[in-house]
Amino acid sequence: MNEMTVSVKGMKGEECIQKIEAALLSLNGIERALADLKKETVTIMFDEEALDEATIMQTIEEAGYQPA
């Protein structure tokens, strides 16, 4: 398992957190996704054999947010 933390622009409240976490958790290979509104980050635990970082970043973008 790999863990990565991604800065995410555009999170405004609990609804945003739920949207990002749900989008990430829908991916095969994501074990955990925890968004932090104050830090504007998402910490993700994932199986690097099932999923790559580019797919994670794309999923965050598709949910309507800007990963950095």
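See the structure printed just above.
Definitions and cut-offs
- Residues numbered from 1 in each chain as written.
- Predicted model: local features only at pLDDT ≥ 70, side-chain atom pairs only at ≥ 80, totals over all residues.
- Heavy atoms only, no water.
- Salt bridge = Lys/Arg side-chain N within 4 Å of Asp/Glu carboxyl O.
- Helix = DSSP H or I, 4+ residues; strand = E, 2+ residues; numbered from the N terminus.
- Buried < 20%, exposed > 50% of the residue type's maximum accessible area, 1.4 Å probe, protein only.
- Polar contact = N/O pair within 3.5 Å; in protein donor to acceptor, adjacent residues only side chain to side chain.
- Contact = heavy atoms within 4.5 Å.
- Pairing = 2+ DSSP bridges.
- Axes fitted to C-alpha atoms, helices over the stretch in contact; angles between N-to-C directions.

Colleague: Could you clarify how one ought to interpret the pattern of salt bridges in this entry?
Modeller: Side chains carrying opposite charge are able to pair once their charged atoms draw close together. Under the counting rule described, the total for this entry stands at one salt bridge. With a shortest N-O distance of 3.1 Å, arginine 32 and glutamate 3 are connected by a salt bridge. Residue arginine 32 is found in strand β2 (residues 30-36), and its partner glutamate 3 is found in strand β1 (residues 2-9); the two are separated by 29 residues along the sequence.

Colleague: Whenever I open this one, the side chain of threonine 43 confuses me. Can you help?
Modeller: You can see threonine 43 is positioned in strand β3 (residues 41-46). Threonine 43 gets classed as buried once you look at its relative accessible area, which sits at 18%. At 3.2 Å, the side chain of threonine 43 and the side chain of threonine 5 are in polar contact. When neighbours within four sequence positions are excluded, threonine 43 is seen to be in contact with Glu3, Met4, Thr5, Arg32, Ala33 and Leu34.

Colleague: Would you take a moment to explain unusual backbone geometry for this structure?
Modeller: A negative phi angle is the norm for most residues apart from glycine, just as the trans form is the norm for most peptide bonds. Even without being glycine, glutamate 40 reaches a positive phi, approximately 55°. Within the secondary structure, glutamate 40 sits in the loop between β2 and β3.

Colleague: I'm lost on the side chain of threonine 59 in this one. Help?
Modeller: As for its position among the elements, threonine 59 is in helix α2 (residues 53-62). In contact with threonine 59, other than residues within four places in its own chain, are Ala23, Leu24 and Leu27.

Colleague: Teacher, can you tell me more about the environment of glycine 10 here?
Modeller: Relative to the helices and strands, glycine 10 is located in the loop between β1 and α1 (14-25). It is 9.6 Å that separates the C-alpha atoms of glycine 10 and leucine 37, two residues lying 27 residues apart in sequence. Ignoring anything within four residues of it in the chain, the contact list for glycine 10 reads Cys16, Glu40 and Tyr65.

Colleague: Looking at this structure, how should I read the environment of valine 8?
Modeller: Within the element layout of this structure, valine 8 appears in strand β1. On a C-alpha basis, the gap between valine 8 and glutamate 40 in space is 5.4 Å, while along the polypeptide they are 32 residues apart.

Colleague: What should I look at first to understand the sheet that holds β1 in this one?
Modeller: Paired through backbone hydrogen bonds, the strands of a sheet run either parallel or antiparallel to each other. Across the sheet, which stays open at both edges, the four strands sit in the order β2-β3-β1-β4 with antiparallel pairing between neighbours. At either end of the open sheet lies a strand with only one pairing partner, and these are β2 and β4 (66-67). As defined by bridge partners, β2 adjoins β3 across six bridges and the pair is classed as antiparallel. Along β3, the bridge assignment pairs arginine 32 with methionine 45. Against the sheet, α1 touches β1, β2 and β3, its axis set at about 165° to β2.

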